[in-house]
Amino acid sequence: MSNPIGANGPYNDFPLAEVRQALDERLAEGFMFWQKFTCAGCGQRLTVEQPNTLYATANCDNCDAVTDIAAQGCNYLLLKTDI
Ligand SMILES: [Zn+2]
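Computed from a predicted structure; not experimentally measured. (Residues numbered from 1 in each chain as written. Predicted model: local features only at pLDDT ≥ 70, side-chain atom pairs only at ≥ 80, totals over all residues. Heavy atoms only, no water.)

Colleague: I tried to follow the overall build of the protein on my own but got confused; where do I start?
Modeller: When you go through the protein residue by residue, the secondary structure sums to two helices and five strands. Written out in order from the N terminus, the α and β elements of the protein read α-β-β-β-β-α-β. The burial tally for the protein puts 30% of its 83 residues in the buried class. Considering only contacts within the protein whose residues lie at least 6 apart along the sequence, 56% involve residues at least 24 apart. Here the protein displays about 5,300 Å² of accessible surface, and carbon together with sulfur accounts for 51% of that area. (Helix = DSSP H or I, 4+ residues; strand = E, 2+ residues; numbered from the N terminus. Buried < 20%, exposed > 50% of the residue type's maximum accessible area, 1.4 Å probe, protein only. Contact = heavy atoms within 4.5 Å. Areas by Shrake-Rupley, 256 points an atom, 1.4 Å probe, with all protein chains shown as cover.)

Colleague: How should the coordination of the zinc ion be read in this particular structure?
Modeller: Metal coordination angles have textbook ideals: 109.5 degrees for a tetrahedral set of four donors and 90 or 180 degrees for an octahedral set of six. Around the zinc ion, the protein contributes the donor atoms C39 (SG), C42 (SG), C60 (SG) and C63 (SG), which lie 2.3 Å from the metal centre. Bound by four donor atoms, the zinc ion shows angles of 101 to 117° at the metal and therefore tetrahedral coordination geometry. Mapping the donors of the zinc ion onto the primary sequence yields the spacing C-x2-C-x17-C-x2-C. Of this pair, C39 sits in the loop between β1 (31-38) and β2 (45-47) while C63 sits in the loop between β3 (57-59) and β4 (66-68), and the two are 24 residues apart along the sequence. Note on C39: relative accessible area 4%, which makes it buried. Residue classification places C63 among the partly exposed positions, given a relative accessible area of 32%. (Donors = N, O, S within 2.8 Å, 3.2 Å for Na, K, Ca; no water. Tetrahedral: all angles 85-135°; square planar, octahedral: opposite > 155°, others 65-115°.)

Colleague: What is the right way to read the pattern of salt bridges from this model?
Modeller: Pairing of side chains with opposite charge becomes possible as their charged atoms draw close. Counted by the stated rule, this structure contains two salt bridges. Note that R45 is salt-bridged to D13, the shortest N-O span being 2.9 Å. In this pair, R45 is assigned in strand β2 and D13 in the segment before α1 (16-28), connecting sequence segments 32 residues apart. The class for R45 is buried, based on a relative accessible area of 17%. Salt-bridge contacts for R26 lead to E29; the nearest nitrogen and oxygen are separated by 2.9 Å. Exposure remark for R26: the relative accessible area of 22% places this residue in the partly exposed category. (Salt bridge = Lys/Arg side-chain N within 4 Å of Asp/Glu carboxyl O.)

Read these as geometric descriptors, not functional statements.
What follows is the structure, encoded as structure tokens:
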């Protein structure tokens, strides 16, 4: 890996394939999710607007950098929907 340990700061990110598998199960349980990642340009923690969608790359609102989420990994925010 080219990223040194701690490149994503205090955040825990996981491989995209692993996240996708985990979220398939959460969706089946009635959760919504929003993908979260750390901008490769400015280091800001970002959450995508579109729920229940995973992106392999994403733009930053602050610095316009494109982050390679497939290479860098991501995390997610969960919300239980069936109340
Ligand atoms: Zn940025």
